[in-house]
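Commentary on secondary and tertiary structure
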Amino acid sequence: MGVRAEATVPLRDARLPADVDGPDDAVGVVLFAHGSGSSRHSPRNVAVARVLQRRRLVTVLVDLLTAEEDAVDARTAELRFDIELLAGRLAGTVDWLAAEPALGRLPVGLFGASTGAAAALVAAAARPQRVAAVVSRGGRPDLAGPALAGVRAPTLLLVGGLDEQVITLNEQAAGMLTGPHEFRVVPGATHLFEEPGTLDEVADAAADWFSRHLPVPA
């Protein structure tokens, strides 16, 4: 039957809705951080999550802003770039996973898109004992700033070959990562990986990365 649930992540400053899905025999859990102006219902992240689930991974898609904050952000776009806020909530969700009976024993990976990738890297630096791998899709890892040097988890940076500005920003960020990392360009893809086959390539690369780097559950 597998694990499938709508959950609420109770944090100090917010209660965040999350969708949890995956097989009973999961070997890891991957927490998603969506990008600017998106949500846990992002069709691209949902598509990637389905591939990960087939690779024996539980996926957790969470909204890092409350409904009220999201309404403010829709008008001002101010909170989507508040990396400190987003990373703090992502780290809090990692802590919540550790306390969940069905998921606490599983190693954790983070999958971040756009600004969510910066939040994922900051959270990985803040939770080095819990976060075992990170994947960034079309991300802005440069926004993680000094936290990049503190990321110990193996990190895969995936960027579209036609997303030239983001390629440059990812190259610069890769130079600041001191832990294991790989920078990979997906040929023919723009920022949102909308071209045929490009999102499939992202999903397969992410699944391979997590399968390789998440340790065997205790």
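In what follows, the structure referred to is the one given above.
A short tour of the structure in this document, coming up. Please read these numbers as outputs of a predicted model, since none were measured by experiment.

**Re the pairing of strand β5 (residues 108–113)**
For β5, the tally of buried residues reaches six of six residues, placing the bulk of the element in the interior. The alternating pattern of β5 places Val108, Leu110 and Gly112 on one face and Gly109, Phe111 and Ala113 on the opposite face, and all of these are buried. Two elements, strand β3 (residues 28–33) and β5, share five bridges in a ladder whose sense is parallel. Bridge assignment links Leu31 to a residue of β5, and that residue is Leu110. The pairing of β5 with strand β6 (residues 131–137) spans six bridges and is parallel. In the sheet register, Gly112 faces β6, and the bridge partner there is Ser136. Crossover β5 to β6 through helix α4 (residues 115–126) is right-handed.

**Description of the nonpolar core**
Core analysis: the biggest nonpolar cluster contains 46 residues, and Leu31, Leu90, Leu110 and Val134 have the highest contact counts within it. Tallying contributions element by element places helix α3 (residues 83–99) first for this core, with nine residues. If sequence neighbours within four positions are ignored, Leu110 has contacts with Val30, Leu31, Leu90, Val94, Ala120, Ala123, Ala124, Val131, Ala133, Val134, Val135 and Phe210. Judged by nonpolar contacts, the second largest core, of 26 residues, contains Ala133, Leu199, Ala207 and Phe210.

**Focus on helix α5 (residues 164–174)**
Buried within α5 are the following residues: Val166, Ile167, Leu169, Asn170, Ala173 and Ala174. The arc enclosing the buried residues of α5, seen along the axis, measures out at 165 degrees, which places them on a common side. Exposed and facing more than 90 degrees away from the buried side of α5 are Glu164 and Gln165. Structurally, α5 contributes buried residues whose contacts are with β6, β7 (155–160) and β8 (181–186).

**A few points about the environment of Arg212**
Tracing the backbone through its elements, the reader meets Arg212 in helix α6 (residues 198–213). Taking the C-alpha atoms as reference points, Arg212 and Ala133, 79 residues apart in sequence, are found 9.2 Å from one another.

**What about the pattern of salt bridges?**
Within the structure shown, the criterion is met by ten salt bridges. With a closest N to O distance of 3.3 Å, Asp19 and Arg40 form a salt bridge. Pair noted here: Asp19 is in strand β2 (residues 15–22) and Arg40 is in the loop between β3 and α1 (43–54), with a separation of 21 residues, a long-range link. By sharing partners, the salt bridges in this structure join Asp13, Glu69 and Arg89 into a single network.

Rules behind the numbers
- Once a new chain begins, its residue numbering starts again from 1 and follows that chain's sequence as written.
- With the structure being a predicted model, the display of local features is reserved for residues of pLDDT at least 70 and the display and counting of side-chain atom pairs for 80 or more, all residues being used for whole-chain, interface and lining totals.
- Note that the side-chain values use all heavy atoms of the structure and ignore hydrogens as well as water.
- With a 1.4 Å probe rolled over the protein chains alone, any residue whose accessible area is under 20% of its type maximum counts as buried; one over 50% counts as exposed, and the rest are partly exposed.
- Each helix is a run of DSSP H or I of at least 4 residues and each strand a run of E of at least 2, with the numbering of both proceeding from the N terminus.
- For two strands to count as paired, DSSP must find a minimum of two bridges between them.
- Place the viewer so that the strands point away; then a crossover is right-handed whenever the path from the first strand over the helix to the second strand goes clockwise.
- Nonpolar core, defined: a set of buried Ala, Val, Leu, Ile, Met, Phe, Trp, Tyr and Cys residues in which side-chain atoms within 4.5 Å join the residues together.
- When checking whether two residues touch, look at their non-hydrogen atoms; a contact exists if any pair is within 4.5 Å.
- As used here, the arc is the angular range of directions from the helix axis to the C-beta atoms.
- The rule for a salt bridge is simple: a side-chain nitrogen of Lys or Arg has to be within 4 Å of a carboxyl oxygen of Asp or Glu.

Treat this as a map of the structure, not an account of what it does.
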